[in-house]
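Working through the structure, step by step
Here's the letter readout for the chains.
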Amino acid sequence: MSQVRVRFAPSPTGFFHIGSARTALFNWLYARHTGGVFVLRIEDTDKERNSEQFLQVIYDSLSWLGLNWDEGPGVGGAYGPYRQSERADIYREYLAKLKATGRTYEKDGAVWFRLIGDRTEVFDEHRKKTVTKVKAAPTVIQDLIRGRVERVEDEDFVIFRSDGNPVFHFVNVVDDIAMGITHVIRGEDHLSNTSKHVELFKAFGVPVPHFAHIPLILKQQGAGKMSKRDQGALIEEYQRRGYLPEALVNFLCLLGWNPGGDLEKLPLAEIIRLFDLPGVNQSNARFDDKKLAHMNMVYLLALAPDEFVARARAYFERHHPAAPALQAAPEVFQAVMLLAQPKIKGLEELPAYTAYLFTEDYPVDAKVKEKVMGKGDPKTRLTELIASLPGFDFTSDAAIEEGIKALAAKGSLGFGDYQAVARLAVSGTNAGPSITSLFRLLGRDRVRQRLERCLAG
RNA sequence: GCCCUCAUCGUCUAUCGGUUAGGACAGGAGAUUCUCAAUCUUCAAAGCGGGGUUCGAUUCCCCGUGGGGGCACCA
């Protein structure tokens, strides 16, 4: 059997949509699963929406997700060029081939593709105009996911515009032929285009590729498919928020596909091994950001300490270059980040979550302050803590815990009676890592200063 | 309006005619704990409706209904 060749063919619109990402992913997975070739082709025939900057969004997003292409812009290949804007000669050549078959005609300055069948003029109520209907035989689409789909294509269609440029249907099919594409894996929204494409393949006298129309991703709330404007629709948002690409990939592959059994988090190599087209679902999937967030947390938790610290640093450098965290000594940065690792759901929480460990200029939650300072006798607790601080052993969490417990025991109190107010004083909030860890990392002097400041304020 | 397509907990899904319909996220309760998370235990939660086929249908077929997509000299 010949080698599988699949392609991902986005048009540079300046956005990289989560649905596009999944289409790319499924293509990539199928190529990797079968030992085939993943081609990146840029469909930039729409000249008004064409810019280098927009292309970069595609390259960046695919690279970030780890979806490397075997042929395409930047890497080359034997079937190039891979940008449609550079393939005009090829399209003219194929147009000549098609003209030679007698399946084309010109009308209104455009080139049309002629279907086979009897023609009648009909007034289309919906479009409010007279159109030529063709009584053609149904086109059969053999879809690897949906099975046999029949559709009647009943109107000739334009393949070259009157301005001399080819249209999507034509370039899409020509490129798939010229690039030796064996499997067309794309969104279900293309299913009704496919009958046009099949007719073109047949007219060119070439074998029709296998088709696999994957279900769409529906917006989280409201009706319809996910669109650019929806929350969570853009890949760049996940980059910005410090999501782990491997988590997003894992989440995405579970939207419309499953590895069987109860497996959910699984390594990429395993996904590649198990992925296959017949296993893809037929029904659309609604996007669920909660589940994505959970998947991200699971991946974050599983990261080796060094790896987590490296990712955290990269995240700060990329998105918060001015953060005090980056001024800290590497070992301090590392210690703080590892304290945060088991507590956060995403890297984006890191700056706020760790700020008070790197600077004296951190926010104090007014509500928390009111609550903590209004309960029991916090000022006395603070005074006691400050007084006993010199006797504390700051070398380990256990020693600090011992110190606080000893203090509490003297007044028949518990650890908890000191914890809340100490936390407020030291961090300005009521949530965070163990208070003993905070003490240890801040050191005796800074803890004392903060306790005193709280007592005074 | 026409064409195509899909249909299991709120959501993502498992089940390839016979199951107490399973798992995960989210939600509820509890445990643990110095807070917050995490973790563990636990509860609630589904086969769209109507006809068939069959000894037996969530599963196969048909019709409805509902969802989604498409119907350009956009891609």
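Computed from a predicted structure; not experimentally measured.

Quick notes on the nonpolar core
With 105 residues, the main nonpolar core has Met337 and Phe439 as its most contacted residues. Take this core: its biggest share by element is 9 residues, from helix α1 (residues 18-34). Discounting residues that sit within four places of it in the chain, Met337 has contacts with Phe308, Val309, Ala312, Phe316, Leu350, Thr354 and Phe358. Core analysis: the next-biggest nonpolar cluster, separate from the first, contains 33 residues, Tyr82, Phe157, Ile159 and Phe211 among them.

Here's the deal with the environment of Gly109
Relative to the elements of secondary structure, Gly109 occurs in the loop between β3 (104-107) and β4 (110-113). Each C-alpha atom, one on Gly109 and one on Ser162, is 4.6 Å from the other, the two residues being 53 residues apart in sequence. Setting aside residues no more than four positions away along its own chain, Gly109 makes contact with Arg161 and Ser162.

Considering the domain arrangement of chain A
Under the domain assignment, chain A is made up of domain 1 (87-214), domain 2 (303-357) and domain 3 (366-456). One C-alpha centre belongs to domain 1, the other to domain 3, and the line joining them spans 74 Å.

Regarding helix α16 (residues 416-427)
Between its first and last C-alpha, α16 extends 16 Å over 12 residues, near the 16 Å set by a 1.5 Å rise per residue. All buried positions along α16 are accounted for by Tyr418, Val421, Ala422, Arg423, Leu424, Ala425, Val426 and Ser427. Looking at the buried positions of α16, the neighbouring elements they touch are α13 (366-373), α14 (378-388), α15 (397-410) and α17 (435-456). In the stretch just after α16, Gly428 is the one whose phi turns positive, near 75 degrees.

Some remarks on the packing of aromatic side chains
A complete count under the given rule lists 16 aromatic pairs for this structure. Each ring, one from Tyr105 and one from Trp112, has its centre 6.3 Å from the other, and the planes form 10 degrees; the classification is stacked. You can call Trp112 buried: its relative accessible area is 17%. Residues Tyr356 and Tyr362 carry aromatic rings whose centres are separated by 6.2 Å and whose planes lie at 65 degrees to one another, so their mutual orientation is edge-to-face. Across the pair, exposure class does not vary: Tyr356 and Tyr362 are buried alike. One aromatic cluster is present, formed by Tyr94, Phe160, Phe170 and Phe204 through successive ring pairs. Against the face of Tyr79 rests Arg5, its NZ or CZ located 3.9 Å from the ring centre.

So, the pairing of strand β11 (residues 210-214)
Consecutive residues of a regular strand have side chains that alternate between opposite faces of the sheet. Buried residues dominate β11, accounting for 4 of its 5 residues. Sheet topology note: the strand β10 (residues 183-187)/β11 ladder contains 5 bridges and is parallel. Across the sheet, Gly187 pairs through a bridge with Ile214, a residue of β11. In this view, the connection linking β10 to its parallel neighbour β11 by way of helix α5 (residues 191-204) has right-handed handedness.

With respect to the sheet that holds β3
Read across the sheet, 3 strands follow the order β3-β4-β9 without closing on themselves; strand pairing throughout is antiparallel. The two strands at the open ends of the sheet, each matched to only one other strand, are β3 and β9 (157-160). Averaged over all pairs of adjacent strands, the angle between strand axes in this sheet comes to 45 degrees, irrespective of strand direction. Pairing geometry for β4 and β9, over 3 bridges, is antiparallel. Counted as the bridge partner of Phe113 is Phe157 from β9.

Describing the packing of helix α7 (residues 245-253) against helix α9 (residues 289-302)
At a minimum axis separation of 9 Å, α7 and α9 run at an interaxial angle of 135 degrees. As the angle between them shows, α7 and α9 are arranged oblique. The two elements α7 and α9 cross, and the hand of that crossing is right-handed. Of α9, the residues touching α7 (which contributes Glu246, Ala247, Leu248, Asn250 and Phe251) are Lys291, Leu292, Met295, Asn296 and Tyr299. Among the residues making up the contact of α7 with α9, the classes are represented as 6 nonpolar, 2 polar and 2 charged.

Thoughts on the protein's contact with RNA strand B
Taken together, 61 residues lie around RNA strand B, and Arg161, Lys343, Asn430, Gly432 and Ser434 are the ones closest in. Backbone polar atom of Phe168 to a phosphate oxygen of RNA strand B: 3.0 Å apart, as the coordinates give it. Side-chain polar atom of His294 to a phosphate oxygen of RNA strand B: 3.3 Å apart, as the coordinates give it. Counted by class, the surface near RNA strand B contains 19 nonpolar, 21 polar and 21 charged residues.

As for the pairing of strand β8 (residues 147-151)
Sheet topology places strand β7 (residues 139-143) next to β8; 5 bridges connect them, and they run antiparallel. Of the residues in β8, the one forming a bridge with Gln142 is Arg148. Remark: 3 residues form the turn of the hairpin made by β7 and β8, two consecutive strands paired antiparallel.

Topic: the pattern of salt bridges
On inspection of all chains with the given rule, the structure shows 35 salt bridges. Ionic pairing is found between Asp176 and Arg7, a salt bridge with its closest N-O pair at 2.9 Å. Of this pair, Asp176 sits in helix α4 (residues 168-178) while Arg7 sits in strand β1 (residues 5-8), and the two are 169 residues apart along the sequence. The exposure class assigned to Asp176 is buried, which follows from its relative accessible area of 3%.

Parameters at a glance
Residues numbered from 1 in each chain as written. Chains lettered and ligands numbered in written order. Predicted model: local features only at pLDDT ≥ 70, side-chain atom pairs only at ≥ 80, totals over all residues. Heavy atoms only, no water. Core = buried A, V, L, I, M, F, W, Y, C linked by side-chain atoms within 4.5 Å. Buried < 20%, exposed > 50% of the residue type's maximum accessible area, 1.4 Å probe, protein only. Helix = DSSP H or I, 4+ residues; strand = E, 2+ residues; numbered from the N terminus. Contact = heavy atoms within 4.5 Å. Domains from an automatic or database assignment. Expected span 1.5 Å × (residues − 1). Phe/Tyr/Trp six-rings, centres within 6.5 Å; stacked < 30°, edge-to-face > 60°. Lys NZ or Arg CZ within 6 Å of the ring centre and 35° of its normal. Pairing = 2+ DSSP bridges. Right-handed = clockwise from strand over helix to strand, strands pointing away. Axes fitted to C-alpha atoms, helices over the stretch in contact; angles between N-to-C directions. Parallel < 35°, antiparallel > 145°, perpendicular 65-115°, else oblique. Left-handed = near helix turned anticlockwise from the far one by under 90°. Nonpolar A, V, L, I, M, F, W, Y, C, P; charged D, E, K, R; others polar. Near = heavy atom within 4 Å. Polar contact = N/O pair within 3.5 Å; in protein donor to acceptor, adjacent residues only side chain to side chain. Salt bridge = Lys/Arg side-chain N within 4 Å of Asp/Glu carboxyl O.

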